[in-house]
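Residue-level listing of the chains:
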Amino acid sequence: MDEHGINYYRPQTREELEALMESHEGYYLFLTGGDYNVKGYQEGDVLIDLQDLQMDQLVDNGDLLEIGGLSSLDTLFKDEILWADFREALSIEGGWNVRNGLSVDNFLRIATGRSPLLTCLRALDINLFVQPDIGLLALDEYLNEEYNWREFFIEKISFNKPQAVAYEQVARSPKDLPIVCVAAVRDMDGTIVVTVGGHEALLGGLVFEPESDIETSSIRELFEETDDEWASAAYRQGAAEALLKRCLAKLERN
Amino acid sequence: MKISLNVNNKTEIIEITGNESLLDVLRKLGYFSAKSGGCIRGECGACTVLLNGKPVNSCMFLAVQAQGHEIETVEKFGEQAQQGWKQTEGFDPLQTAMIESGAVQCGYCTPAMILSAKALLRENPNPNEAEIREALSGVMCRCTAYVKPVQAIQRAVELMAEPQNKTDLSTYEPEMLQVDDIPDMQRIGKSDTKIDAASLAQGKPAFTADLALKDTLIAKVLRSPYAHARIKSIDATKARALPGVAAVLTWEDIPRVVYSTAGQSDPIPGPLDMFSLDNKVRFVGDRVAFVAAETSAIADEALELIDVEYELLEPILDMRDAMKEGAPVLHDQPEYVNFADSNPAINLAAKIRIDIGDVDKGFTEADQIFEREYVVPKVQQAHIEPHVTLTYWDENDRLVVRTSTQVPFHARRVLAPVLGLPVKQIRVIKPRIGGGFGNKQEILIEDVAAHLTIATGKPVLYEMSREEEFIASRSRHPMRIKMRTGVLNDGTMTANEMTALSDTGAYGCHALTVTGNTGQKSMGLYVGDGKYRQAPNIRFYADIVYTNTPPAGAYRGYGVPQGYWPLDRHMDYIANSLGMDPIEFRLKNTVRSGEYQPFSTAWNEGREPVPEVLQTVGLAECVQKGREAIGWDEKYNNPNWQYVKGQPHLRRGIGVATVMQGTAIPFLDMGGASIKINDDGSFNLLVGATDLGTGSDTVLAQIAAETLGVPTEDIIVLSSDTDTTPFDVGAYASSTTYVSGTAVLNASLDVAEQIKRRACMIFADRGFEFSSEDIQLKDKHAVAPNGDRVSLATIALDSLHWRQQEQIMATASYVSPNSPPPFAAQFATVLVDIETGEVTVEDLIMAVDSGVIINPITASAQIEGGIAQALGYGVCEEMVYDENGVAREIDLVDYHIFRADEMPKIKTIFVETYEKTGPYGAKAVAEIPLDGAAPAIGNAVFNACGVDLLEIPIVPEKVLRELKLMTEETDAI
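A short tour of the structure in this document, coming up.

The rules behind the values
- Residues numbered from 1 in each chain as written.
- Chains lettered and ligands numbered in written order.
- Predicted model: local features only at pLDDT ≥ 70, side-chain atom pairs only at ≥ 80, totals over all residues.
- Heavy atoms only, no water.
- Helix = DSSP H or I, 4+ residues; strand = E, 2+ residues; numbered from the N terminus.
- Rg over C-alpha atoms; globule rule 2.2 N^0.38 Å.
- Buried < 20%, exposed > 50% of the residue type's maximum accessible area, 1.4 Å probe, protein only.
- Contact = heavy atoms within 4.5 Å.
- Areas by Shrake-Rupley, 256 points an atom, 1.4 Å probe, with all protein chains shown as cover.
- Lys, Arg positive; Asp, Glu negative; His and termini not counted.
- Charge placed at Lys NZ, Arg CZ, Asp CG, Glu CD.
- 1 Å grid on protein atoms, 1.4 Å probe; cavity = no way out; pocket = protein on both sides within 12 Å on 5 of 7 lines; lining within 4 Å.
- Points joined across faces, edges and corners; volume = space filled by probe spheres on them.
- Nonpolar A, V, L, I, M, F, W, Y, C, P; charged D, E, K, R; others polar.
- Pairing = 2+ DSSP bridges.
- Axes fitted to C-alpha atoms, helices over the stretch in contact; angles between N-to-C directions.
- Disulfide = S-S within 2.5 Å.
- Patch = residues over 30% accessible without salt bridge, like charges linked within 9 Å, V, L, I, M, F, W, Y side chains within 5 Å.
- Salt bridge = Lys/Arg side-chain N within 4 Å of Asp/Glu carboxyl O.
- Parallel < 35°, antiparallel > 145°, perpendicular 65-115°, else oblique.
- Left-handed = near helix turned anticlockwise from the far one by under 90°.
- Buried area = accessible area lost by both parts, 1.4 Å probe.
- Polar contact = N/O pair within 3.5 Å; in protein donor to acceptor, adjacent residues only side chain to side chain.

**What about the overall build of chain A?**
A count of helices and strands for chain A gives seven helices and twelve strands. Computed over the C-alpha atoms, the radius of gyration of chain A is 19 Å, within 12% of the 18 Å expected from 2.2 N^0.38 for a compact globule of 254 residues. Each principal axis of the C-alpha atoms in chain A carries an extent, and together these give about 60 × 45 × 30 Å. Expressed as a percentage of its 254 residues, the buried residues of chain A come to 64%. Sequence-distant contacts, at least 24 apart, represent 58% of the contacts inside chain A between residues at least 6 apart. When the accessible surface of chain A is totalled, it reaches about 10,300 Å², and 44% of it is carbon and sulfur. The positive charge centre, built from 21 side chains, and the negative charge centre, built from 48, are 9 Å apart in chain A.

Written as structure tokens, this is what we have:
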């Protein structure tokens, strides 16, 4: 412990980690890579830095992609993830510095409905493996739970590789956070999952079964209660429908 | 705890607290190239380092996390090749390219850019432009629009392939057209390297916060959560008792001295309505108490322990409510000092009534009258270096204020009574500044640190957070402006009227002068034609009111951008209504060479007007060059260009704006300069002028160098120290090149004369009799008509050591009787998505008449950076408040400034006139780029899809709303 009461540990193995967790039972916080506002730690905090536990790998298991929770966002720019629109959403999310530094775990702790990347990840229907003792969670489950996520960490995220990903947004400039955005993913079986964003709160989504008729106006319902200081619900509804049509056209072309 | 960091291949061992960021620790270790931008989500990138070869924000990691990793800072990458007897490998190609290209303006983000580029080139030695811009996407720059940094990186690629290949500076230079005969000169018109570029490219500790003094305390400010309230009681007992707290000051602890924070000449042209601390708060973010503590964390904790009881008062948040009957009064303090027509009882900070000619008669003569109301928002300067000040007592018990300021001399004068010190006991030093753009033309935070130094006896450092910049610094005045213009059917303007309601926020700094400029420099461009050209009819009325929002102040352009949005949109509206070409309509009515600037006959910031005839008006040439460059004739109203093949939801549009700014304030702005010769024939040039990254030190050095016949590098500039440099008003009003430059010219001429007389003495020794008029100064020599030469070094030694010893030196100051405006034509093309309303700006071209351009690279860099700020003003930037006066924008995430990877194409063209009243023909260049982009974009959007917006920023919802209204109207018909 240093004179200001910060206890810092960097376990080299899982066993070491478990031993630390046991010895500081219920009183530890995890450091999981680059983070905003690192100055929030207080005297007496026990900080367990997970960076040496190999949780920053991207593993391509054929149909399934697994990405370690301590991977930087820039890992998602890698060749295995080939969809141009996904990369564009990631590029909007943060400049190169932020992507190199911010970890997947720390990103998901703070992401809101305005996040382009989160909107895409929700469409990809990712699963999270949350430790300790939480296990597999769907992304929306994780986002809606009110855990103090500093006491847990995301060991990895995983998702089934889709056929195609499309992302469209409206913003004040090409790289500004969106006022309204739509992400659409076509799974290997042809199911289309649509999620929306651009509003602080998380909004719902749509699922279109393969071969089904798609009524694009159905997206308007998702924005019914979204009047805020950035845009009106009416605007978002209209713009979202236009964006959805474009996403669907892109999916069709790919 | 003790940690070990591998920094630049060196092991650094340091004792830290566990929760210090990597940024904080690197700076403690002396790696000052990593800078703080005050942001909390890593958005600015000023703190960039390479971590295992990748650029990351060092503010996003704890120092302990970085153990075991390779950290690189820019200090690793090169230094001066020749350092006395020591020779090094010199600069890295990236540093060389940044230095040569003019990419280094304020330099605050330069190390970050160099590191990001280094990481890119290691992975990809031959990147394309998109890849370069992507690599810079994590570094925000407010000065350069990323134009020259991108060019520099491209050049670095070439240098790495062929290190001996000398740079062709024309790569970085703008297109130039000479209108008047301009003589060939040695240093004027040459793109000499910016004299501080090398230092900044090495990340040297050149900024305010880079000076580390022992026992420095950290200051923080407790700020009001309410828009309008009285402080009923304030108890700092618990805060003062916290270990590590050195002082807590409330309004009860310090003298109550009323002043204005505006950095302007004496007497301040505005009301005195501010106290360092008051018993009333007037906006969310207003000051409540000051704390000085050993660490930032302790200071933050102390703020939480100050107990304040408020009596809430009704706030005014809309400028239209300020003067309504029964409105709450913001300034009811007895100490309020009026200026001119200010009237705090009705929340009026200033009032302007200017009538030129007979406007009412002009309207009766019009065939048509056009009338509309326009709105411009509050926007922020968003300089990357926050406001930062360090104050301490020196060994002679004088208070030293080392501060990021544009106005060191005004700061000293204003601080003196506030602190209870005479002026002579205060020294203000301006180091390098990481951007200011007017926000540092303010005595904003120096008093905070100074009061705490007085209270504790210790050095105090106060640096604003990014949130404080948004809620408690200054901004551009938002305004509501009514335009009313009378025209004949042939397009002749018969009368032109602007009525402005301007919101100065809670305090009246710059209230009168900013808004005066709004009318003077925009409406002054249009005089009419025919008989109206000889006797224009122009009216400008303005009320500047108090509201319970953060105060507005000086922002580059200083009221003029607010004038051009309404004026230039209005000109397009009239032209379109008359079926006239928008360019022809403008040029028919704009002022020409040989005519009066009409406002010069009626207004001079509360002083006696000084009528001025404009000698150089290159506006028509600017329009011609700009229209060629953008392809106006091929694009304007050409459906083949406007409709995008295969994308029916997109429309292209093209727009123009013609603008005028100012150059200094006649009979007010004064600059001084001193020059002395050194033993080796070089010179020290001492100027009070303030270089905030604009390159003014370099330009002033070039003026001296031209006059003295030496290379610019032989002029060593020392600037902006109230103890050692002559007075200068500081960096504002586009006065530095013109006013301070003329002071430099005059001092140089005096020194040149002394040199020539000494040369004549030496030539006489050789048997030749000459007079000083016969001698030329050239190539570091005094040259006689017979070709005989004597070096300046010999002259220096002769005068300093050998005989009739004297110090060859001179001091001069200058106040101008003139204010010759620069002119410009701004062109824009846009792409409008008519299904969503989204607007993408594709091209921005500005053709500028700024007289003779002293340094084409630094001047074009000014234009490029200014255009980028104007772009934001037009399409995305605004500061908005909720019903309680709480700001929506408190960081650079929600307040978006353009990144490198989203910029439109920007091009600068200089049209050079020769302004006889300026040093070597120069006029101003710094502010005019802020004026035209917003209206040009608005006009382009109208051209694209008929959407006629009266309010900026031009955001998608506004565009779509108008498109829908148009569709409904069409359907109704």
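**Some words on empty space enclosed by the protein**
All chains considered together, the criterion is met by 14 cavities of 30 Å³ or more. When its volume is computed, the largest cavity comes out at roughly 590 Å³. What lines the largest cavity is a set of 43 residues, among which T694, S734, Q862, A926 and E927 of chain B lie closest to the centre. Counting only elements with at least two residues in the lining of the largest cavity, the list comes to α20 (696-708), α21 (736-765) and α23 (856-875) of chain B. Per-class residue counts for the lining of the largest cavity are 19 nonpolar, 21 polar and three charged. Put simply, the second largest cavity is a space of about 280 Å³. What lines the second largest cavity is a set of 19 residues, among which E93 and G94 of chain A together with E43, V893 and R899 of chain B lie closest to the centre. Grouping the amino acids of the lining of the second largest cavity by side-chain chemistry returns seven nonpolar, six polar and six charged.

**Observations concerning the sheet that holds strand β10 (residues 180-186) of chain A**
All names here are of chain A. Taken together, the four strands give an open sheet; going across it, the order is β9-β10-β11-β12, and neighbouring strands pair in antiparallel fashion. Where the open sheet ends on each side, the last strands, each with one partner, are β9 (164-170) and β12 (205-208). Taking the axes of each pair of neighbouring strands and ignoring which way they run, one obtains an average angle of 15 degrees across the sheet. Inspection of the sheet shows β10 paired to strand β11 (residues 192-197) by six bridges, in the antiparallel sense. Paired with R186 across the two strands is I192, which belongs to β11.

**Quick word on the layout of surface pockets**
The probe, sized like a water molecule, is rolled over the atoms to show the empty space still left. Residues and elements named next belong to chain B. What the second largest pocket holds in volume is close to 880 Å³. Taken together, 34 residues form the lining of the second largest pocket, with E878, M879, V880, Y881 and E951 sitting closest to its centre. Every element with two or more residues in the lining of the second largest pocket is listed here: β16 (368-376) and α25 (956-972). Residues that form the lining of the second largest pocket fall into these classes: 16 nonpolar, two polar and 16 charged.

**Digging into the state of the cysteines**
A full pass over the atoms with the stated rule returns zero disulfides over all chains. In this model C120 of chain A remains outside any disulfide bridge; the closest cysteine sulfur is found in C181 of chain A, 7.4 Å from its own. Relative accessible area serves as the criterion here: at 1%, C120 of chain A is assigned to the buried category. Of the cysteine sulfurs around C109 of chain B, a residue in no disulfide, the closest is that of C141 of chain B, at 3.9 Å.

**Structural notes on a negative patch on the surface**
A cluster of acidic residues, E15, E16, E18, E22 and E25 of chain A, forms a negative patch on the protein surface. Of note, E15 of chain A is situated in helix α1 (residues 14-23).

**Details of the packing of α23 of chain B against helix α24 (residues 933-945) of chain B**
Residues and elements named next belong to chain B. At a closest axis distance of 7 Å, the pairing of α23 and α24 adopts a crossing angle of 50 degrees. Put simply, α23 runs oblique to α24. Between α23 and α24 the crossing geometry is right-handed. Contacts between α23 and α24 involve I867, A870, L871, Y873, G874 and V875 from the first element and A933, A934 and I937 from the second. By residue class, the composition of the contact of α23 with α24 is eight nonpolar, one polar and no charged.

**Description of the packing of α21 of chain B against helix α22 (residues 792-802) of chain B**
All names here are of chain B. Where α21 meets α22, the closest approach of the two axes is 10 Å, and the angle between their N-to-C directions is 85 degrees. Between α21 and α22, the interaxial angle falls into the category roughly perpendicular. Residues I755, R758, A759 and I762 of α21 form the contact with α22, whose participating residues are L792, T794, I795, D798 and S799.

**Topic: the side chain of T144 of chain B**
Within the secondary structure layout, T144 of chain B lies in the loop between α4 (129-135) and α5 (147-161). Those residues in contact with T144 of chain B that lie beyond four places of it in its chain are A103, Q105, M113, P149, E864 and G865 of chain B.

**Observations regarding the pattern of salt bridges**
Applying the stated criterion across every chain yields a total of 88 salt bridges over all chains. For E134 of chain B, the salt bridge is made with R99 of chain A, and the minimal N-O distance between the two is 2.2 Å. Remark: R99 of chain A occurs in helix α3 (residues 96-101) and E134 of chain B occurs in helix α4; the pair is interchain, linking two chains. The buried category is assigned to R99 of chain A, whose relative accessible area is 1%. R652 of chain B is paired through a salt bridge with E842 of chain B; the nearest N and O atoms lie 3.1 Å apart. Of the two residues, R652 of chain B sits in strand β24 (residues 650-660) while E842 of chain B sits in strand β33 (residues 839-849), which places them 190 residues apart along the sequence. Counted as one network, the salt bridges with shared partners bring together D355, D360, E371, R484, E497 and R539 of chain B.

**Here we look at the sheet that holds strand β4 (residues 54-57) of chain B**
In a beta sheet, neighbouring strands pair by backbone hydrogen bonds and run either parallel or antiparallel. Residue and element names in this part refer to chain B. On the basis of which strands lie adjacent, the open sheet formed by five strands has the order β2-β1-β5-β3-β4 and mixed pairing. Strand pairing shows two members of the sheet lacking a second neighbour, β2 (10-15) and β4, which therefore form its edges. Sheet twist, expressed as the mean angle between neighbouring strand axes with direction ignored, is 40 degrees. Taken together, the six bridges between strand β1 (residues 2-7) and β2 define a ladder with antiparallel strand orientation. By the bridge assignment for β2, L5 is matched with E12. Strands in contact with helix α3 (residues 110-123) are β3 (48-51), β4 and β5 (70-72); relative to β3, the strand with the most contacts, it is inclined by about 30 degrees.

**A look at the interface of chain B and chain A**
In this assembly, 57 residues from chain B lie in contact with 50 residues from chain A. In this assembly, chain B packs against chain A so that about 4,300 Å² is buried in total across both faces, 54% of it on carbon and sulfur atoms. One can count six salt bridges joining chain B with chain A. A salt bridge links R246 of chain A to D833 of chain B, with the nearest nitrogen and oxygen atoms 2.5 Å apart. Our count for the contact surface shared by chain B and chain A stands at 26 residue pairs in polar contact (both at pLDDT 80 or more). Secondary-structure elements contributing two or more residues to the side of chain B that touches chain A are β4, α3, α4 and α25 of chain B. The residue inventory of the side of chain B that touches chain A, partitioned by class, reads 23 nonpolar, 18 polar and 16 charged.

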